[in-house]
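# Architecture and fold: a report
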Amino acid sequence: MIYIVCPSKYATGGTELLHQLCVEICSHNIDVAIVYDGDMTDSPIINKFSCYKVRVEKTIVDDKNNILIIPETAMRFLLKYRKIQKVIWWLSVDNYAPNKKEKTYAEICIYKIIDCIVRLYDRKCIHLVQSEYAKKYVEFVHGIDNSSILYLSDYISKEYFRDMDRDSIRENIVLYNPKKGLDFTNKLISKGAKWKWIPLINLSKEEMKLLMNKAKVYVDFGNHPGKDRIPREAAISGCCVITGIKGSAKYYEDVPIPSCAKFDQDKENIDVIINYILRCMDNYDNEIEKYDEYRTIIKSEQLKFKKDVITFLNRVGKL
C-alpha cells in the first residue's frame, strides 16, 4: 500500500500534483490512497480535486511493505512511523518550515530534530524533487547523496495546449501574479503605465486561458519556490515570459527561457526590463519564437511524469 499525505486546506498546484500522482500510481494497479493532513471541514480540496476520484484513507498502517509519501510541509510524519518506507517529495523548497522567517523557539527545536532525521534517512529515505532548484537544495543543504534523489516533476493541464494561433490579434497586455513579487512588479507598472497590466487573481481556468491568449507578456518576479505552473501556462498560451532569478527561475532546467528574459530584481534593472517588455510588444512575432523550446518542453512534461513514476515504482519494488 502507498499512502500520499496531502494538506487538507490548500487547493494549490502542489496539492493537485499529489492527487495526480495518486491517479498515476493507481493506473498501474497498485493500492494507493490520499491521507489528508488536517481538518476536512469546508476544505477547498473537496470541490476542486473531486474530479480525480482518489481513494482516501484516514489511517496509515506502519508496515515495512507499505510506502509513505510526504511533501516537505508534512515532515513531522517522519517522527510518527518507524517501519514504513518513507519518501519525501520536495515540491516547494521555500515552504519547508525551517526556511520560513517566522518561527517560535519550540518550532526551531522540532525542525532541528527533523533535519537530523532527514540526514539519518539518507540511505533509507528516497527524496523526490520537483525541480532542479529542489535537487540542489536537498544535495547541498541536507547533504543527501545523489543516489537517494529521484526527479519527479509535474505537468500543466492539456486545456492550455491548443496551439496558439500566430495570426490571432494580441494586445499590449502584461499579465502578472499579484501574490508573488508584487513590490517589484508595482515599480514596473509605474514605469510602463502605457500598457495594460492585469493581475491573475480570482479567475476561473477559462478566464485565465482567455487572458493568456490575448496578452503578449507575462512577468513573474516571485520567489519561485518550485517549478511554478503559471509561467508555463502563459508560455504555452503564447506569452513572452519574463522572470527574476530567485528560486527555480535561476535554473534553465526549471525555467528554460532566453537568458535575456531573466533579470535580477534590482531597481537599476527597471528601465532594462521595461525596454525588454517594449521589445516584446513591438516585435512580438520575432520575440515569441525564442520561447519555442520552452513550449516544446512543456508539451512533453506529462509523458516524462509518467516515465518518472515508473522509475520510482521500480525503485520501491512496486513494479
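So, here's what we can say about the structure. (Residues numbered from 1 in each chain as written. Predicted model: local features only at pLDDT ≥ 70, side-chain atom pairs only at ≥ 80, totals over all residues. Heavy atoms only, no water.)

This part is about the sheet that holds strand E8 (residues 196–199). Here four strands make up an open sheet; going across it, the order is E8-E7-E9-E10 and the pairing parallel. Each end of this open sheet is capped by a strand with a single partner; those strands are E8 and strand E10 (240–243). The mean inter-strand angle of the sheet, taken between neighbouring strand axes irrespective of direction, is 25°. The sheet contact formed by strand E7 (residues 171–176) and E8 spans four bridges and is parallel. Bridge pairing links Tyr176 to Pro199 in E8. (Pairing = 2+ DSSP bridges. Helix = DSSP H or I, 4+ residues; strand = E, 2+ residues; numbered from the N terminus. Axes fitted to C-alpha atoms, helices over the stretch in contact; angles between N-to-C directions.)

Sheet strands pair via backbone hydrogen bonds, and the direction of the pair is either parallel or antiparallel. The six strands lie next to each other as E2-E1-E3-E4-E5-E6, forming an open sheet whose pairing is parallel. Each end of this open sheet is capped by a strand with a single partner; those strands are strand E2 (32–37) and strand E6 (149–151). When strand polarity is set aside, the average angle formed by the axes of neighbouring strands in this sheet is 25°. One ladder, built from four bridges, connects strand E4 (residues 85–90) with strand E5 (residues 126–129); its direction is parallel.

What follows deals with unusual backbone geometry. Most peptide bonds take the trans configuration, and most residues that are not glycine carry a negative phi. At Lys53, a residue that is not glycine, the phi angle is positive and equals roughly 50°. Note that Lys53 resides in the loop between helix H2 (44–48) and strand E3 (67–71). Of note in the backbone geometry, His224 takes a positive phi value of approximately 50° without being a glycine. Structurally, His224 is set in the loop between strand E9 (215–220) and helix H8 (230–236). Relative accessible area serves as the criterion here: at 1%, His224 is assigned to the buried category. (Buried < 20%, exposed > 50% of the residue type's maximum accessible area, 1.4 Å probe, protein only.)

This next bit is on the packing of helix H6 (residues 182–191) against helix H9 (residues 270–282). Two elements in contact, H6 and H9, have axes whose closest approach is 10 Å; the angle formed by their N-to-C orientations is 65°. Crossing of H6 over H9 shows right-handed handedness. Between H6, through Phe184, Lys187, Leu188 and Lys191, and H9, the contact on the second element is made entirely by Ile270, Asp271, Ile273 and Ile274. (Left-handed = near helix turned anticlockwise from the far one by under 90°. Contact = heavy atoms within 4.5 Å.)

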